[in-house]
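Listed below, chain by chain, are the residues.
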Amino acid sequence: MTVTGQDTDARGAHEALDDGRPSVRLRAALAVGTAPDPRYVGTLVERCAVEPEFFVRDMLTWALTRHPVSVTLPALLREVRSERAQARSQALHTLSKIGDRRAWPVITPRLLADPDDEVARSAWRTAVLLVPEGEEAALATALAGLLGRGGRETQLSLSRALVALGEAAEPALRGAATAPDPQVRAHALATQRLLRDPDTGFESAVEEAKRVVALGGGPGRAPGSGPGQAPAGEPGQPPDGGSEQTPDSGPGQGPDGGPGQEPGDVSEREGQ
């Protein structure tokens, strides 16, 4: 069998992506993204599932976004069903960067409630970006059913996803604010506060919501409306879609940004 120069390049890229040195893997991912070749997609997807370094994973994602969607989408959809949590999480993150709504059917209730917090958080962010028009309220209902889950970081991610849905999230949040579980009620009230006032800090919104719940706050009483105070006003505009993802970069397209962005600093996806 004749070994062509292209075969040699592909083999070299595969070996470099598997190198023990993060700097070598980073340069390899950058090179593959700079000169896209469908033969690399499988290797990139496989590497995402096991890559331990955040900044290398982010470059792998960027490299995948540089390849044709017709090649990357099927591979990523298969990966979302992987038994490996990191594979699911990174595939979801990459799908959010590609932004092709044909991936929407993979966002199932089971995935939104994934037992791994990082996978669930990635699913929430991706769902908000890919949800078809008219499906926002149904998504909000599914997300509201998860209120109260996890620690502060997980709860903040869920609140941001709900706030990003804007007015479509209001009925679901009102319902959750009457839940028997005080933790769910507090999380719902804090999220309502963020929806009304995007500049409110999450910690302060949560603490105020806890006080409202402790004082018997229930339906019609949102954070900021303690005893003797009138309920908070009508919800305002949701925050301006700031992404929860943290990595940004890559020539011509940032790992955490869309096409046309350059590599930058990470801001919120430290866990991926």
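Sequence order sets the numbering: in each chain, residues are counted from 1 along the sequence as written. With the structure being a predicted model, the display of local features is reserved for residues of pLDDT at least 70 and the display and counting of side-chain atom pairs for 80 or more, all residues being used for whole-chain, interface and lining totals. Excluded from the side-chain calculations are hydrogens and water; all other atoms, namely the structure's heavy atoms, are used.

**Focus on the overall build of the protein chain**
And step 1. For the purposes of this entry, the term helix denotes a DSSP run of H or I that reaches at least four residues, the term strand denotes a run of E that reaches at least two, and both are numbered from the N terminus. The secondary structure content of the protein chain amounts to 13 helices and 0 strands.
And step 2. Starting at the N terminus, the α and β elements of the protein chain follow one another as α-α-α-α-α-α-α-α-α-α-α-α-α.
And step 3. Exposed residues in this analysis have more than 50% of their type's maximum accessible area, buried residues have under 20%, and partly exposed residues fall in between, with area computed by a 1.4 Å probe over protein chains only. Buried residues in the protein chain amount to 50% of all 272 residues.
And step 4. Each accessible area is a Shrake-Rupley result for a 1.4 Å probe, and residues are judged covered by the shown protein chains and nothing else. Of the roughly 12,500 Å² of accessible surface on the protein chain, 52% is carried by carbon and sulfur atoms.

**Section: helix 3 (residues 41-48)**
And step 1. Taking burial as the measure, the 8 residues of helix 3 include 6 buried ones, the bulk of the element.
And step 2. Among the residues of helix 3, those classed as buried are V41, T43, L44, V45, R47 and C48.

**Regarding helix 2 (residues 22-34)**
And step 1. By this rule, a helix spans an expected 1.5 Å times one less than how many residues it contains. Its 13 residues give helix 2 an end-to-end C-alpha distance of 18 Å, which sits within 8% of 18 Å, the value for a rise of 1.5 Å per residue.
And step 2. For helix 2, the full list of buried residues reads V24, R25, A28, A29, V32 and G33. End-on view of helix 2: buried residues confined to an arc of 165°, all on one side of the axis. Arc, as used here, means the arc of the directions from the helix axis to the C-beta atoms.

**Here we look at the environment of Q192**
And step 1. Within the fold, Q192 resides in helix 12 (residues 182-196).
And step 2. Sequence separation between Q192 and S159 is 33 residues; the distance between their C-alpha atoms is 8.7 Å.

**Concerning the packing of helix 4 (residues 54-65) against helix 6 (residues 85-98)**
And step 1. Fitted lines through C-alpha atoms give the axes, limited to the stretch in contact for helices. The angle between two N-to-C directions lies from 0 to 180 degrees. Where helix 4 contacts helix 6, the axes come no closer than 10 Å and their chain directions differ by 45°. Accordingly, the angle class assigned to the pair helix 4 and helix 6 is oblique. Seen along the crossing, helix 4 lies across helix 6 with a hand that is right-handed. Facing R57, D58, T61, L64 and T65 of helix 4, the residues of helix 6 in contact are Q86, Q90, H93, T94, K97 and I98. Each angle receives one of four descriptions, namely roughly parallel if under 35 degrees, roughly antiparallel if over 145, roughly perpendicular if within 65 to 115, and oblique otherwise. Crossing handedness: left-handed means the near helix sits turned counterclockwise from the far one by under a right angle, and right-handed means the same turn made clockwise. Contact definition: two residues touch when any of their heavy atoms are within 4.5 Å.

**Observations concerning the packing of aromatic side chains**
And step 1. A pair of aromatic rings is counted whenever rings of Phe, Tyr or Trp (Trp by its six-membered ring) have centres within 6.5 Å, and the orientation is called stacked for planes under 30 degrees apart, edge-to-face for over 60 and tilted otherwise. Across all of its chains, the model carries 0 aromatic pairs by this definition.
And step 2. Only Lys NZ and Arg CZ are tested; either one counts as a charge over a ring when it is within 6 Å of the ring centre and within 35 degrees of the ring normal. The lysine or arginine in question, R39, covers the ring of Y40, its NZ or CZ lying 5.9 Å from the ring centre.

This is a description of form; function is not addressed.
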